[in-house]
2 protein chains.
Amino acid sequence: MDMPVGSGTLYWFVERHREDTGLFMGARRVWTYRSNFQDIAVLETETWGRVLVLDGLVQMTDRDEFIYHEMLAHVPLMTHPDPRRVLIIGGGDGGVLREVLRHPEVTRAVLCEIDPMVIEVVRRHWPEHGAVFDDPRVQVLNEDGSQFVQTTYERYDVVIVDSSDPVSYSRSLFSPHFLAAVRRVLYPSGLYATQCMSLLYHLDFVKGFYRQLQAAFSNVALYTAPVPSYPTGWWNFAMGSIELSLDPDHLPLKGRSIEFLRLTRYYSLEIHRSAFTLPNFLVQELQYAHGTDR
Amino acid sequence: MDMPVGSGTLYWFVERHREDTGLFMGARRVWTYRSNFQDIAVLETETWGRVLVLDGLVQMTDRDEFIYHEMLAHVPLMTHPDPRRVLIIGGGDGGVLREVLRHPEVTRAVLCEIDPMVIEVVRRHWPEHGAVFDDPRVQVLNEDGSQFVQTTYERYDVVIVDSSDPVSYSRSLFSPHFLAAVRRVLYPSGLYATQCMSLLYHLDFVKGFYRQLQAAFSNVALYTAPVPSYPTGWWNFAMGSIELSLDPDHLPLKGRSIEFLRLTRYYSLEIHRSAFTLPNFLVQELQYAHGTDR
């Protein structure tokens, strides 16, 4: 590609979302690290701000991280009537944790991030995120999340999976075995939420995972939000619960502190409700997946 | 950039959404044309299918055009209780016209596309779109849309602006002068809809245009949809009317033929309602724009 480097831009970062397409970003500075688990890079860019990259895939940018993190944290936490104990698997960038801690109901937040160097890098380049790891309600564990849920004796109200995509180390976080273990660490009235790829590039994955969710939980739901720095810029999330209704039209707001809604930049109760409206093609695909006629 | 060309990929198309970031697509074949108005290119790609490019900017891809075209056509046409006469300004790719013609209420659709070569190129590379231009309800005019609305004696129920971005030939389609002329060609109970850029890259433009809309129309509204091939993948639309309510919760469905809802891949009545839910930061920005406290 013949692309003159923009003023101040010294490096081109290229993420291939598929073999023949993807996103590029010009960076003024690049820091790279090699952990026991992955390659970690931090870019300083004009349009996207600071960018965290793991194994070549954009995880977080200053420009749009608020949408992803607010939607992955507040949707489950506002669906639960009293979310006290929260487990985050992955999430080493601290974004979901920051949003979770905005709920005064939360008394304990366990962050199970397999790679301690991710947290070190975030503390260095996003010093404002450092405070969230030091909150007295927080415990950080550097363990494999899929093994942790097999072995812990603790129970949680909400389990959030903020993982990288289901390849390599994260593949195990999208298996029936893992979902069964998540069920075990959740109170029956608890709920589970996960990022769940792009409807336009990964529709077969989404459909397959939706079937797995239905096998593991009585109540399941998908919701979407724009995340411009992720493939297609249109991201999908999934929730499941054994007993709790996920109906966005009947949020259990009574007695809840919702002061944090002044701080959100994307999330609102109206956005919460709208996010569950699925496009017609997905509605049709999921009904097909159920084996029912429309 | 060092990017080995994928199997079957012979050319790299790069669209800079801003100086330092954008989208790339590998193409197996490229056809280029030079009209009196612009450079026109058609790419044949694996991921995006056929892609129409005007002056270096992606206008339409097979993969995601349905979202953009359905949302730009069906939202205004379902908001109007009886949309008989429709004017489309721009829209030479035929996508909005195809969706407009799905409403049996429509008796006349005028497509005012300044560049006849766009239609020629689309007829050649999207032969399935050729039929929509030949529908007996359709009249195609090759005129400057902003001049056409100044001079025509016809009146319309719905005016849709499906233009390229507000630079060069399309700049005049986002001016107070143009909005006043659109008011003139609309019945008082009619409504106007336009594509309106990205909330994440063009927020100042959106805010300024929203103020212009408020000056021209009594009722105005913004709505959004994912359009992955456009900058940020998250697109904004605007509507205005002198008399007609734009409230998505009270669509005038009585007596309407809604058979076309079986054919839509993105649009549904639920999507229509959800699309008007704006993110918290925009709600706050627009209230600021109104000069009111929150």
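Note that the structure is a prediction, hence the values are computed from the model and not measured.

Asker: Can you lay out the interface of chain A and chain B for me, pointing to particular residues and giving the numbers?
Answerer: Reports of interface size often rely on the accessible area that becomes lost once the parts have come together. On the side of chain B, 50 residues touch chain A, which itself brings 50 residues to the contact. Interface area for chain A against chain B, summed over the two sides, is near 4000 Å², with a carbon-plus-sulfur share of 56%. Viewed at the interface, chain B and chain A are joined by 0 salt bridges. For the interface between chain A and chain B, the tally reads 28 residue pairs in polar contact (both at pLDDT 80 or more).

Asker: Kindly report on the packing of aromatic side chains, identifying the contributing residues and their values.
Answerer: What the rule picks out here adds up to 30 aromatic pairs over all chains. With centroids separated by 5.2 Å and ring planes inclined at 65°, the aromatic side chains of Tyr68(A) and Tyr230(A) adopt a geometry described as edge-to-face. Here Tyr68(A) is found in helix H1 (residues 65-79), whereas its partner Tyr230(A) is found in the loop between strand E11 (219-226) and strand E12 (234-241), with 162 residues between them in sequence. Residue Tyr68(A) shares its accessibility class with Tyr230(A), and that shared class is buried. Here the aromatic rings of Trp234(B) and Phe281(B) are separated by 6.4 Å at their centres, their planes lie at 75°, and the arrangement is edge-to-face. On the criterion of sequence distance, the pair formed by Trp234(B) in strand E12 (residues 234-241) and Phe281(B) in helix H9 (residues 280-290) is long-range, its members being 47 residues apart. Taken together, the ring pairs connect Tyr68(A), Tyr223(A), Tyr230(A), Trp235(A), Phe237(A) and Phe276(A) into an aromatic cluster.

Asker: Mind laying out the sheet that holds strand E11 (residues 219-226) of chain B, listing which residues take part and the relevant values?
Answerer: All names here are of chain B. Across the sheet, which stays open at both edges, the 7 strands sit in the order E8-E7-E6-E9-E10-E12-E11 with mixed pairing between neighbours. Where the open sheet ends on each side, the last strands, each with one partner, are strand E8 (138-141) and E11. Neighbouring strand axes in the sheet, compared pairwise and without regard to direction, differ in orientation by 15° on average. In terms of strand pairing, E11 meets E12 through 8 bridges, oriented antiparallel.

Asker: Break down the environment of Glu113(A) for me, citing the residues and quoting the values.
Answerer: All names here are of chain A. On the secondary structure map, Glu113 appears in the loop between strand E7 (108-112) and helix H3 (116-125). Of the residues examined, Glu113 reaches a relative accessible area of 7% and is grouped as buried. Taking C-alpha positions, Glu113 is 7.1 Å from Asp144, a pair spaced 31 residues apart along the chain. Every residue in contact with Glu113, bar those within four places of it in the chain, is listed here: Gly90, Gly91, Gly92, Val118, Ile119, Leu141, Asn142 and Glu143.

Asker: I'd like a rundown of the domain arrangement of chain A, residues and numbers included.
Answerer: All names here are of chain A. For chain A, the domain assignment lists domain 1 (11-61) and domain 2 (65-289). On a C-alpha basis, the centroid separation for the pair domain 1 and domain 2 is 23 Å. The interface is formed by 24 residues belonging to domain 1 together with 25 residues belonging to domain 2. On the domain 1 side of the interface with domain 2, the three residues burying the most area are Phe37, Arg50 and Met60, jointly 31% of the side's total. Across the domain 1-domain 2 interface, the total number found is 1 salt bridge. One salt bridge in this structure joins Glu128 and Arg50, with 2.8 Å as the shortest N-O distance. Joining domain 1 to domain 2, the criterion identifies 8 residue pairs in polar contact (both at pLDDT 80 or more). Contributions of two or more residues to the side of domain 1 that touches domain 2 are made by strand E1 (11-18), strand E2 (21-34), strand E3 (39-45), strand E4 (50-54) and strand E5 (57-61). In terms of residue class, the side of domain 1 that touches domain 2 is made up of 13 nonpolar, 7 polar and 4 charged.

Asker: Run through the side chain of His69(B), naming residues and quoting values.
Answerer: Mapped onto the elements of the fold, His69(B) is located in helix H1 (residues 65-79). Sequence-distant contacts of His69(B), defined by excluding residues within four places in its chain, comprise Met60(B), Asp93(B), Gly95(B), Val96(B), Arg98(B), Glu99(B) and Asp162(B).

Asker: So what's going on with the relation of the copies chain A and chain B? Which residues, and what values?
Answerer: When chain A is brought onto chain B, the operation consists of a screw motion whose angular component is 180° and whose axial shift is 0.0 Å, with 0.0 Å RMSD remaining. Classification of the inter-copy transformation places it as that of a two-fold axis. The overlap is high: 100% of the interface residues of chain A also sit at the interface in chain B, so the same surface is used on both sides.

Reading guide: rules and limits
Residues numbered from 1 in each chain as written. Chains lettered and ligands numbered in written order. Predicted model: local features only at pLDDT ≥ 70, side-chain atom pairs only at ≥ 80, totals over all residues. Heavy atoms only, no water. Contact = heavy atoms within 4.5 Å. Buried area = accessible area lost by both parts, 1.4 Å probe. Salt bridge = Lys/Arg side-chain N within 4 Å of Asp/Glu carboxyl O. Polar contact = N/O pair within 3.5 Å; in protein donor to acceptor, adjacent residues only side chain to side chain. Phe/Tyr/Trp six-rings, centres within 6.5 Å; stacked < 30°, edge-to-face > 60°. Helix = DSSP H or I, 4+ residues; strand = E, 2+ residues; numbered from the N terminus. Buried < 20%, exposed > 50% of the residue type's maximum accessible area, 1.4 Å probe, protein only. Pairing = 2+ DSSP bridges. Axes fitted to C-alpha atoms, helices over the stretch in contact; angles between N-to-C directions. Domains from an automatic or database assignment. Nonpolar A, V, L, I, M, F, W, Y, C, P; charged D, E, K, R; others polar. Least-squares fit on C-alpha atoms with pLDDT ≥ 70 in both.

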